[in-house]
Amino acid sequence: MFVGLDLGTSGVRALLVDADGAAVAVADAGLSVSHPHPGWSEQDPADWIAASEQALAALVEQAPDAMAQLRGIGLSGQMHGATLLDAEGAVLRPCMLWNDTRSHAQAAKLDANPDFPRISGNIVFPGFTAPKVMWVAENEPEIFAQVAKVLLPKDYLSYWLTGRAASDMSDSAGTAWMDVGAREWSQELLNGSGMRADQMPDLIEGTDIVGTIRPELAKALGLPAEVQVVAGGGDNAASACGVGALGEGDGFVSLGTSGVLLAARDGFAPSPESAVHTFCHAIPGTWYQMGVILAATDCLNWLASVTGVKPAELTAELGDSITEPGAVRFLPYLSGERTPHNDSAVRGSFINLSIGTKRSDLARAVLEGVSFALRDNLEALNSTGARLDRVLAIGGGAQSRYWIELLATVLNMPVDLPERGEFGAALGAARLAICGITGAAPETVMTKPPVSQTIEPRADLQGAYEAAYEAFAQSYPTLKAMP
């Protein structure tokens with residue numbers, strides 16, 4: 001038996017699978033996010049541990065016999081967070097998360113150094129780890145002076161489990177401290193941001209074993225004594241493992257808190273100027289590229305909160321099949337934007353509101369705006385040479401058939417929906433544990449899920465949505481020019 005432990009922004013998911021990767025039990029534990037100031041986004045790492053304990057305890061309660069056969073735990077988690085530890089391993093301050101944009105000035109400073117995009121293969125986004133730690137150095141020098149280790153969120157969990165500070169390639173590729181092509185820490189980039197090599201965790205592949213769970217912790221959690229912890233991967237790389245996106249032409253679209261359009265690559269082909277992320281994959285010797293929008297279902301959740309209904313009620317009002325684009329346009333930049341604009345300061349907007357605008361018009365505009373932003377991502381990915389002919393849809397937003405038909409039409413490609421089951425980052429983490437502990441080849445373990453339905457683009461509406469996308473693409477410069 002193997003567990004995939006996925007540390008998300010809104011909660012921890014623990015998935016128990018057998019040696020064939022079939023789900024046996026699953027448990028979730030919620031997390032909250034603190035926003036002490038505009039643009040700030042933080043969590044207390046102690047809450048990650050508490051949620052992980054809760055989720056693992058739930059698995060023991062649900063499937064005690066299966067958990068007694070547990071051999072390994074694989075990890076996945078939200079990327080980029082800066083978890084700062086002192087020499088004793090104590091957390092120095094709340095973790096600044098992936099969607100924390102306070103370090104935009106520090107990111108711009110690092111990005112102006114040509115070594116950073118040249119070596120890391122990426123723009124230095126404000127959400128990345130390096131500019132966050134630089135912000136701490138400039139604004140909380142008494143804390144920065146105590147920093148002995150910087151860990152990414154899921155790696156803090158592996159540190160808690162094993163006592164070893166280690167990180168996998170896919171997660172560390174999003175720090176701006178790594179030579180992504182060479183798959184190693186870059187001394188030049190560490191020097192360029194005021195950091196030292198000894199402050200970094202051990203860098204290993206996602207299928208490598210971090211260590212054995214601490215005996216006293218295994219006993220406290222009710223787990224077998226010799227459970228091994230495998231490094232795992234950042235959430236999107238782990239999700240790619242969960243859906244079998246391992247090689248050129250494989251990809252998925254994720255409609256979660258953020259929106260992701262990911263393409264697996266057989267080689268390292270960075271294109272920093274496109275604002276596409278080029279990262280190591282969680283399996284050895286491979287990479288992936290992705291476009292990221294910072295708010296996908298977050299936009300729908302926001303509209304639900306201000307209109308006093310549930311997100312599912314908003315999408316239900318639209319039915320299952322799209323019509324022509326609506327008159328209202330929505331720019332989904334509620335938390336700034338990454339691909340293709342790299343703009344942490346821009347904010348969202350509705351355009352063309354009228355006295356006759358209804359709640360359903362706003363909901364349609366939100367779904368269209370997020371879909372058009374993902375089309376921006378597709379254009380950026382295409383510019384790097386990535387090839388996507390079809391994608392698999394995952395995430396909470398994929399439950400809306402309307403949204404998937406809309407996305408298929410806007411992207412002009414078939415979108416596959418997997419059969420019901422576990423196909424996300426937790427499964428990818430469990431699969432990485434299977435490969436790491438048994439030595440099984442990733443291509444035999446990380447298979448594609450069965451497809452329940454393929455949604456084709458609406459050819460009769462293609463022209464209308466192409467025109468609407470062109471209007472959307474012209475809106476960003478106008479929005480930026482507003483005082």
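Before going into details, it helps to say that this report is about the structure given with it.

Thresholds, definitions, all that
Residues numbered from 1 in each chain as written. Predicted model: local features only at pLDDT ≥ 70, side-chain atom pairs only at ≥ 80, totals over all residues. Heavy atoms only, no water. Pairing = 2+ DSSP bridges. Helix = DSSP H or I, 4+ residues; strand = E, 2+ residues; numbered from the N terminus. Axes fitted to C-alpha atoms, helices over the stretch in contact; angles between N-to-C directions. Contact = heavy atoms within 4.5 Å. Expected span 1.5 Å × (residues − 1). Buried < 20%, exposed > 50% of the residue type's maximum accessible area, 1.4 Å probe, protein only. Arc of directions from axis to C-beta. Core = buried A, V, L, I, M, F, W, Y, C linked by side-chain atoms within 4.5 Å. Salt bridge = Lys/Arg side-chain N within 4 Å of Asp/Glu carboxyl O. Left-handed = near helix turned anticlockwise from the far one by under 90°. Nonpolar A, V, L, I, M, F, W, Y, C, P; charged D, E, K, R; others polar.

## Re the sheet that holds strand β13 (residues 209-212)
Where strands meet in a sheet, backbone hydrogen bonds hold them as pairs that are either parallel or antiparallel.
Next up, step 1: The six strands are arranged β3-β2-β1-β5-β14-β13 in an open sheet whose pairing can be described as mixed. Only two strands of the sheet have a single partner each, and these edge strands are β3 (23-30) and β13. Neighbour-to-neighbour, the strand axes of the sheet open up by a mean angle of 20°, direction not taken into account.
Next up, step 2: Across the sheet, helix α7 (residues 153-162) touches β1 (2-7), β5 (72-77), β13 and β14 (228-234), and the angle it forms with β14 is around 175°.

## Notes on helix α16 (residues 425-438)
Next up, step 1: Spanning 14 residues, α16 covers 20 Å between terminal C-alpha atoms, matching the ideal 20 Å at 1.5 Å per step.
Next up, step 2: With twelve of 14 residues buried, α16 is to be regarded as a mostly interior element.
Next up, step 3: Every buried residue of α16 is listed here: Ala425, Ala426, Leu427, Gly428, Ala429, Ala430, Arg431, Leu432, Ala433, Ile434, Cys435 and Ile437.
Next up, step 4: Immediately downstream of α16, the backbone of Gly439 shows phi near 80°, a positive value.

## A few points about helix α12 (residues 297-307)
Next up, step 1: For α12, the set of buried residues is Thr297, Cys299, Leu300, Leu303 and Ala304. The buried side chains of α12 occupy one side of the element, clustering within an arc of 155° when seen end-on. Along α12, exposed side chains directed more than 90 degrees from the buried face belong to Ser305 and Val306.
Next up, step 2: Of the surrounding secondary structure, the elements contacted by the buried residues of α12 are β15 (251-255), α13 (311-316), β19 (329-331), α14 (359-383) and α15 (401-411).
Next up, step 3: Looking one or two residues beyond α12, the residue adopting positive phi is Gly308, at roughly 75°.

## Some points on the nonpolar core
Next up, step 1: In this structure, Leu84, Trp177, Phe252 and Met446 are the most contacted members of the largest nonpolar core, which totals 68 residues.
Next up, step 2: The dominant element in this core, judged by the number of residues it contributes, is α16, at eight residues.
Next up, step 3: Setting aside chain neighbours within four positions, we find Leu84 in contact with Ala90, Val91, Leu92, Arg93, Val133, Val136, Ile143, Val147, Lys149 and Val150.
Next up, step 4: Counting residues in hydrophobic clusters, the runner-up holds 57 residues, among them Ala295, Ala304, Tyr333 and Leu362.

## Things to note about the pattern of salt bridges
Next up, step 1: This structure, assessed with the given rule, holds 27 salt bridges.
Next up, step 2: With a shortest N-O distance of 3.7 Å, Lys358 and Asp361 are connected by a salt bridge.
Next up, step 3: Take Asp361: its relative accessible area is 17%, and that puts it in the buried class.
Next up, step 4: Shared partners join several salt bridges into a network, and the residues in it are Glu42, Arg93, Asp100, Arg102 and Glu140.

## Quick look at the packing of helix α1 (residues 45-62) against α7
Next up, step 1: Taken N-terminus to C-terminus, the directions of α1 and α7 make an angle of 65°; their axes are 10 Å apart at the nearest point. Between α1 and α7 the crossing geometry is right-handed. On the side of α1, the interface is formed by Pro45, Trp48, Ile49, Ser52 and Glu53, while α7 contributes Pro153, Tyr156, Leu157 and Trp160.
Next up, step 2: Its residues placed into classes, the contact of α1 with α7 shows seven nonpolar, one polar and one charged.

## Notes on unusual backbone geometry
Next up, step 1: With omega at 0°, the peptide bond leading from Thr339 into Pro340 counts as cis.
Next up, step 2: Structurally, the position occupied by Pro340 is in the loop between β19 and β20 (349-351).
Next up, step 3: You will see that Asn342, though not glycine, has its phi angle at about 45°, which is positive.
Next up, step 4: Taking relative accessible area as the criterion, Asn342 reaches 27% and is therefore assigned partly exposed.

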